[in-house]
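Listed here are the chains, written in short residue letters.
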Amino acid sequence: MKLFETTHTFFYNWSHVSAANWCKYPNEKCPHVIAIDVLDRHVDPETGILRTERLITCQQNVPRLLSRLYGGNTVIYAREVSEIDPKNKVLRMTSCNLSMNNLINVSETVTYTEDPSDSSKTLFKQEARIKCGESISRFANYIEDFFVQRFRDNAAMGKQGFENVLDRLTGQGETLLLHKKV
Amino acid sequence: MSQSIGRSCDELKKEYDACFNKWYSEKFLKGDLRPECEEIFKKYRDCVLNAVKNKNIDKLLVEARKDDPFSSVAEK
């Protein structure tokens, strides 16, 4: 098993970031995300937390060994569940691959929280856990390293792409108000 | 707006996303938790669930929900 972790500070308030999170894709830095769909969504009346289940469709190369075992298919589906607590200003998303999950398990947790020392900033934390299945355990090191590198590349591009989205939305209506007011 | 897994759902998705994003910024973040966009969500969701079934992803989702602490989201 391999772990990947990264942190970042966005210079936008949490409300703006959490609203922009729904508009993150498509962005030119993340062409591998080809579709996003909401499967379920509701607000818990007791806690006020918004829970959303989404299906993410990606297309990106994987090690040949995996794509061969997976019938040459490079379209990967992942399930993401997010919880947004607007009172405490916490957005937490977890995701896991649905495709190839007998071969490899890639699970990711992302959190966006308000910077406790500066409410105009948002702290971002991303953690990924990559674990090969038993059937390909002798290639585990190679394959897990591949996915760690993939995460590193995607994380860097994703950050840039999201910065562009945040910047673009700053000039638009309601999110502009949020950005300035909160 | 991103695309939908079902190409025929793209228009519904666009309409739903626009409704949701407005609600999220203008209502939810300001403390008004009453749901909106329910009708368009139902139409969009039906379309997506159909596409999910056609692509045989529905079984993968059922399995994933079993292992997931947030499975209540999906089962509602």
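These numbers come from a predicted model, not from an experiment. (Residues numbered from 1 in each chain as written. Chains lettered and ligands numbered in written order. Predicted model: local features only at pLDDT ≥ 70, side-chain atom pairs only at ≥ 80, totals over all residues.)

Visitor: Report on the packing of helix H1 (residues 10-26) of chain B against helix H2 (residues 38-54) of chain B, specifying residues and quantitative values.
Guide: Residues and elements named next belong to chain B. Interhelical geometry of H1 versus H2 gives an angle of 140° and a closest axis separation of 9 Å. The angle between H1 and H2 falls in the class oblique. For the crossing formed where H1 meets H2, the hand is left-handed. Judged by residue contacts, Leu12, Lys13, Glu15, Tyr16 and Cys19 of H1 engage Ile40, Phe41, Lys43, Tyr44 and Cys47 from H2. (Axes fitted to C-alpha atoms, helices over the stretch in contact; angles between N-to-C directions. Helix = DSSP H or I, 4+ residues; strand = E, 2+ residues; numbered from the N terminus. Parallel < 35°, antiparallel > 145°, perpendicular 65-115°, else oblique. Left-handed = near helix turned anticlockwise from the far one by under 90°. Contact = placed C-beta atoms within 7 Å.)

Visitor: Please provide a residue-by-residue account of the interface of chain A and chain B, values included.
Guide: Listed as interface residues are 30 residues of chain A and, on the opposing side, 24 residues of chain B. Within the residue set of the side of chain A that touches chain B, elements represented by two or more residues are helix H1 (14-21), strand E2 (33-43), strand E3 (50-59), strand E4 (75-85) and helix H4 (173-181) of chain A. A total of nine residues in the side of chain A that touches chain B trace back to one element, the largest contributor, which is E2 of chain A.

Visitor: Go over H1 of chain B, please, and point to the residues and values.
Guide: Structural remark: α-helix, 3.6 residues per turn; residues separated by three or four positions point the same way. Residue and element names in this part refer to chain B. In a regular helix each residue adds 1.5 Å, so 17 residues correspond to 24 Å; H1 covers 24 Å between its end C-alpha atoms and thus fits that length. What H1 keeps buried is the set Leu12, Lys13, Tyr16, Asp17, Phe20, Tyr24 and Ser25. Across the axial projection of H1, the buried residues extend over an arc of 165°, all falling on one side. (Expected span 1.5 Å × (residues − 1). Buried ≥ 20, exposed ≤ 12 C-beta atoms within 10 Å, placed from the backbone. Arc of directions from axis to C-beta.)

Visitor: Got a sec to walk through unusual backbone geometry? Specific residues and values, please.
Guide: Residue proline 26 of chain A follows tyrosine 25 of chain A across a cis peptide bond; omega there is 0°. If you check the backbone angles, lysine 89 of chain A has positive phi at about 55° while not being a glycine. One non-glycine residue, cysteine 37 of chain B, adopts positive backbone phi at about 65°. Structurally, cysteine 37 of chain B is set in the loop between H1 and H2.

Visitor: Residue-level account of the sheet that holds strand E5 (residues 90-97) of chain A, with values.
Guide: Two orientations exist for strands paired in a sheet by backbone hydrogen bonds: parallel and antiparallel. All names here are of chain A. Taking strand neighbours across the sheet as the criterion, the seven strands line up as E1-E7-E6-E5-E4-E3-E2 in an open arrangement whose pairing is antiparallel. Among the strands making up the open sheet, the edge pair consists of strand E1 (2-10) and E2. When the angles between neighbouring strand axes are averaged without regard to direction, this sheet yields 15°. In this structure, E3 lies alongside E4, joined through ten bridges in antiparallel fashion. Across the sheet, arginine 54 pairs through a bridge with glutamate 80, a residue of E4. On top of the sheet, H1 reaches E1, E4, E5, strand E6 (104-114) and strand E7 (122-132); it is set at about 145° to E6, its chief contact. (Pairing = 2+ DSSP bridges.)

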